[in-house]
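Chain residues, written in single-letter form:
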Amino acid sequence: MWGGRFASGPADIMEEINASIDFDKALAPQDIAGSLAHVAMLAKTGIVGAEDADAIARGLRQVKGEIEAGGFAFSRGLEDIHMNVESRLAEIIGAPAGRLHTARSRNDQVATDFKLWTRDTLDALMTQIAGLQKALAERALASADMAMPGFTHLQSAQPVTFGHHLLAYVEMLARDAGRFADARRRLNECPLGAAALAGTSFPIDRFATAEALGFDRPTANSLDSVADRDFVLEALSAASICAVHLSRLAEEIVLWTTAQFGFVRLSDAFSTGSSIMPQKRNPDAAELVRGKSGRVTGALVGLLTVMKGLPLAYSKDMQEDKEGAMDGLRTLSLCLAAMTGMVRDMTPDAARMKASASAGYSTATDLADWLVRALKMPFREAHHVTGRIVGLASAKGVALEALTLAEMRNVEPRLTGEALEVLSVENSVRSRTSYGGTAPDNVRAQAEGWLGRLANV
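Cut-off values and rules
Residues numbered from 1 in each chain as written. Predicted model: local features only at pLDDT ≥ 70, side-chain atom pairs only at ≥ 80, totals over all residues. Heavy atoms only, no water. Helix = DSSP H or I, 4+ residues; strand = E, 2+ residues; numbered from the N terminus. Buried < 20%, exposed > 50% of the residue type's maximum accessible area, 1.4 Å probe, protein only. Contact = heavy atoms within 4.5 Å. 1 Å grid on protein atoms, 1.4 Å probe; cavity = no way out; pocket = protein on both sides within 12 Å on 5 of 7 lines; lining within 4 Å. Points joined across faces, edges and corners; volume = space filled by probe spheres on them. Nonpolar A, V, L, I, M, F, W, Y, C, P; charged D, E, K, R; others polar. Pairing = 2+ DSSP bridges. Axes fitted to C-alpha atoms, helices over the stretch in contact; angles between N-to-C directions. Parallel < 35°, antiparallel > 145°, perpendicular 65-115°, else oblique. Left-handed = near helix turned anticlockwise from the far one by under 90°. Phe/Tyr/Trp six-rings, centres within 6.5 Å; stacked < 30°, edge-to-face > 60°. Salt bridge = Lys/Arg side-chain N within 4 Å of Asp/Glu carboxyl O. Core = buried A, V, L, I, M, F, W, Y, C linked by side-chain atoms within 4.5 Å.

Asker: In this structure, what is going on with the environment of Leu 36? I would like to understand it.
Answerer: Within the secondary structure layout, Leu 36 lies in helix 3 (residues 28–44). The partly exposed category is assigned to Leu 36, whose relative accessible area is 24%. Separated by 17 residues in sequence, Leu 36 and Ala 53 have C-alpha atoms that sit 9.2 Å apart. If we ignore the near neighbours within four places in the chain, the residues touching Leu 36 are Ala 57, Leu 60 and Arg 61.

Structure representation (structure tokens):
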């Protein structure tokens, strides 16, 4: 492709390190779409004649069909997707193929291709996120009354409901979707026509190509157009946060499926066995989601490292933008699919969760709150009194609600039988009626609201 300047071909190792076709062939649909928009603009502006433009467009559509049919022979000797497509186009239509690259460079071409690929990928990921949210909201609605322990420091804190717990992840995923949508909005400017770095002297219409490819507008600075990979970094940043959220839920599923917790069960569809221990049921799908989050965050760190010291404009280092990013975003897609499957598959054990919810003196705060409400006691004093009552129960080795009223009155004489009622798990969760609280009616309202918003997923 640059035979006019170079007298001989590259060394084998140069070809090996330089070729990107093994991974950037994934950009074929976007590359051909960009070329079709470009040649249509070249024809409209009179830069390329109508006959040649028609031949180029016809040839590009044939190349697209060959790739989709699986019959296209990709060549590492042609380096990348751009030259593979252009070479095959020349075989099909001959000399007019050489006019396609007028007023553009591989620098703006690859930036456009990768933006299109990233945009398509973000759209697909947002659809998957909505599907997982819907699965969680459906499960939350069905378990709005199902009490479980809420934890801080992985120690029993206060009772919540299983539905409330699951809705926490719906909220996390909503923020993930918002970050993806924001990244998509910001990337939606078209680099095509920036050429190598300085623009072009041809009278091109960049607004036409931007519109044809579904961009909001063309990019405003030719140097930035070819040097920018913020759009990939933003996508990977949002993906990394989403992967961390999935990893946290995966970790909880791993804990919940242990014999020690026993809160949920996964079917054979999302469990594996052991080669030596016949009794084992391993939550491997959850463990793999937890592990694969590292690949997503690693892709972000890798690209940040590539970009951190590059002067303007394009450098070959930027060829390293695609392989890790593509792997990271595809990995997130797989994790979203696996997590959606697990949420739909898991069977909660309501009795086990309720029994655990009352352990660890989890309703102690309810007693402190009652002291504040009924006896007008300052909260710090109520906290101290309740702590002494918990200490009494601990010394006797019994649950808080197993203490008699007489025993509790030895600590605080003004206690009444009404105080005992707040110590039940059911009453505890029903009392948390503040907006965003775990009260079952709240959970049902929130779950139904989300299902309404996600009705078309």
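Asker: Can you walk me through the layout of surface pockets in this structure?
Answerer: In this approach the atoms are scanned with a rolling probe the size of a water molecule, which exposes any empty space left behind. Of the voids in this model, the largest pocket is the one considered here, and its volume is about 570 Å³. His 164, His 165, Ala 168, Tyr 169 and Met 172 are, among the 24 residues lining the largest pocket, the residues nearest its centre. Those elements giving two or more residues to the lining of the largest pocket turn out to be strand 1 (147–152), strand 2 (155–161), helix 7 (162–187), helix 10 (230–256) and helix 19 (440–453). The element best represented in the lining of the largest pocket is helix 7, accounting for seven residues. For the lining of the largest pocket, a count of residues per class yields eleven nonpolar, nine polar and four charged.

Asker: What exactly am I supposed to notice about the pairing of strand 1 here?
Answerer: Along any regular strand, the residues point their side chains to alternate faces of the sheet. Bridging between strand 1 and strand 2 involves six bridges; their strand directions are antiparallel. Residue pairing in the sheet places Thr 152 in a bridge with Gln 155 of strand 2. Connecting the antiparallel pair strand 1 and strand 2 is a turn made up of two residues, with His 153 showing a positive phi of about 60°.

Asker: Which parts of the structure should I look at to understand the packing of helix 6 (residues 106–142) against helix 12 (residues 322–345)?
Answerer: The relative placement of two packed helices is expressed as an angle between their axes plus a distance between the axes. Remark: helix 6 packs on helix 12, axes separated minimally by 9 Å, with the N-to-C direction vectors making an angle of 15°. In this view, helix 6 runs roughly parallel relative to helix 12, as classed from their interaxial angle. Both helix 6 and helix 12 take part in a crossing whose hand is left-handed. The residue inventory of the contact of helix 6 with helix 12, partitioned by class, reads 16 nonpolar, five polar and six charged.

Asker: What am I meant to see in the packing of aromatic side chains here?
Answerer: With the rule as written, the count across this model stands at six aromatic pairs. Between the aromatic rings of Phe 162 and Trp 256, the centroid separation amounts to 5.5 Å while the plane-to-plane angle is 70°, which identifies the pairing as edge-to-face. You can see Phe 162 sitting in helix 7 and its partner Trp 256 sitting in helix 10, a full 94 residues away along the chain. Relative accessible area serves as the criterion here: at 0%, Phe 162 is assigned to the buried category. Its relative accessible area of 2% is what places Trp 256 among the buried residues. With a centroid separation of 5.2 Å and an interplanar angle of 80°, the aromatic rings of Phe 261 and Phe 263 are classed as edge-to-face.

Asker: Teacher, can you tell me more about the pattern of salt bridges here?
Answerer: Pairs may arise between side chains of opposite charge once their charged atoms sit close together. Here the structure, examined in full by the defined rule, presents 27 salt bridges. For Asp 80, the salt bridge is made with Arg 106, and the minimal N-O distance between the two is 2.6 Å. Of the two residues, Asp 80 sits in the loop between helix 4 (50–69) and helix 5 (81–93) while Arg 106 sits in helix 6, which places them 26 residues apart along the sequence. The exposure class of Asp 80 is buried, given its relative accessible area of 6%. When salt bridges that share partners are traced, they join Glu 79, Asp 80, Arg 106 and Lys 316 into one network.

Asker: So what exactly am I meant to see when it comes to the nonpolar core here?
Answerer: The nonpolar side chains of soluble globular proteins are, as a tendency, buried together. Leu 136, Phe 162, Phe 180, Leu 246, Trp 256, Leu 332 and Met 339 are the most contacted members of the largest nonpolar core, which has 94 residues in total. Ranked by the residues each element gives to this core, the list is headed by helix 10, at 15 residues. Setting aside residues up to four positions removed in sequence, Leu 136 forms contacts with Leu 166, Tyr 169, Val 170, Leu 173, Leu 249 and Val 343. Counting 21 residues, the second-largest nonpolar core is a separate cluster that includes Ala 364, Ala 368, Ala 382 and Ala 393.

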